[in-house]
Amino acid sequence: MLDLRGNGRACVYTEPMWGLSMMLVLPYTSVFMLALGVKDQQIGLLATIAMLSQVVFGLLSGVITDKLGRRLTTAVFDVVAWAIPCLIWAFAQNFWWFLAASVINGAWQVTQNSWDCLLVEDVDRAEITRVYSLVKVAGEFSALFAPIAALLVSQFGLVPAVRVLYLNAFVIMTAKIILLYRLTTETAVGRLRREQTHGVSAVRLLGEYRGVLPLILHSKGTIFSLVVAAIVGAVALVNSTFWQVVINQHLGVPDPLLPFFPMVRSVLAVVFFFTVIPWLTHGRHLQRPTLWGFLSYLCGQVLLVLIPAGEGAPPWSTYALLAVCLLLDAFGASILFMLAESLVALHVDRDERSRVMAIQRTVVMLVTAPFGWISGWLSGIDRTWPFILTSALLVLGAAVTSRFWVTTHSDPAEVAA
């Protein structure tokens, strides 16, 4: 087990608070919108608009992170991106409320950049992969609180219960923000970048991105990691938006049971993180585990499409097949999340981490954004079709990994060679 200290420990140890806040309500997000009269196409459009909002904030994230510092940026923009939208979602009445919240929520890309820097900048390079593994494990433990949401929905109904869950998320997220700020300190790179950018306008700093672009364009490893991250991001966007919709509206899984599926997936992911995944990723040769991740995720998506839908309550065979889907998804998504984040971190220029990662995230989000609208349009035709799309993307990911893999190195100079 990694002996975490300082900012890394604070970031990982506060991550389970995500479970007492957003993870309680995320399984109901799309179904909640459907209950308030939002259509499939509008849900997909919201996902795309949210991603475009993230593009804007993502482009600014490097400048903001360098100007304010990693620690202060994380605190301020967590309030903007999560606390405020939670209040809007709690009282939402129609599409326009969700639109406003989605645009504001896009600010989480700023805190994602600053939080990543806060997490890894004072951590030894060789430990980056394991740090991201611990973050993933901490996040997965969050889903263990899902029965709380299920109990509320069964007792009070979907819409009232979800409103209460959003108010709870506002309170817990605010507490998490305060606690993380108090337990962390500014990183060494963050202090240096804050001094270097003091008195420099944001417009000029954005203009300096031109000097960062060659670091990306001349690194085969960085370009490859961008492609992998974009594919993983697109698949994750579709699944986070429509997985609960397809099992609820197409397969007939009742509302109170919806949170248990993310919970089971998370439990399985934690088991994999402590058993199979460390064994697969302990070396420097990560191509094969990346391929296994794509293929496992692909099998889970194809199986979901093939599960037959019947009338009335779903039979036990449906739940058994969904359990297999969860098993395959848990392994595939977990290993791909960890490796996609690690590949980006391993290939990035250390001294320009915040700006390079800002550009990388912007590119990934621009590529990913249309898949929200596309999957919403597909879901309006047939609720299984979004997962035919994700299956095709995963086939593409496996092909890219097989053909264009770039070996990771411990020496950053070798990466850009």
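Residues numbered from 1 in each chain as written. Predicted model: local features only at pLDDT ≥ 70, side-chain atom pairs only at ≥ 80, totals over all residues. Heavy atoms only, no water.

Visitor: Please explain the pattern of salt bridges as it appears in this structure.
Guide: Pairing between side chains becomes possible if they bear opposite charge and their charged atoms approach one another. Under the definition given, this model contains four salt bridges. One salt bridge in this structure joins Arg383 and Asp40, with 2.7 Å as the shortest N-O distance. Here Asp40 lies in helix 4 (residues 40–68) and Arg383 lies in the loop between helix 20 (370–381) and helix 21 (385–404), a separation of 343 residues in the sequence. For the salt bridge of Asp66 with Arg70, the shortest nitrogen-to-oxygen distance reads 2.8 Å. When its relative accessible area of 1% is taken as the criterion, Asp66 is described as buried. Among the charged side chains, a network of salt bridges with common partners joins Asp66, Arg70, Glu121 and Arg193. (Salt bridge = Lys/Arg side-chain N within 4 Å of Asp/Glu carboxyl O. Helix = DSSP H or I, 4+ residues; strand = E, 2+ residues; numbered from the N terminus. Buried < 20%, exposed > 50% of the residue type's maximum accessible area, 1.4 Å probe, protein only.)

Visitor: Help me understand the environment of Leu280 in this model?
Guide: Among the structural elements, Leu280 can be located in helix 16 (residues 276–281). The exposure class of Leu280 is buried, given its relative accessible area of 13%. When the C-alpha positions of Leu280 and Thr187 are compared, they lie 31 Å apart, and in sequence the two are 93 residues distant.

Visitor: Could you clarify how one ought to interpret a nonpolar patch on the surface in this entry?
Guide: A grouping of Leu45, Trp373, Trp377, Ile381, Trp385 and Ile388 is seen on the molecular surface, where their side chains present a nonpolar patch of about 590 Å² in accessible area. Mapped by element, the contributors of at least two residues to the nonpolar patch are helix 20 and helix 21. At three residues, helix 20 tops the list of elements feeding residues into the nonpolar patch. Take Trp373: it is sitting in helix 20. (Patch = residues over 30% accessible without salt bridge, like charges linked within 9 Å, V, L, I, M, F, W, Y side chains within 5 Å. Areas by Shrake-Rupley, 256 points an atom, 1.4 Å probe, with all protein chains shown as cover.)

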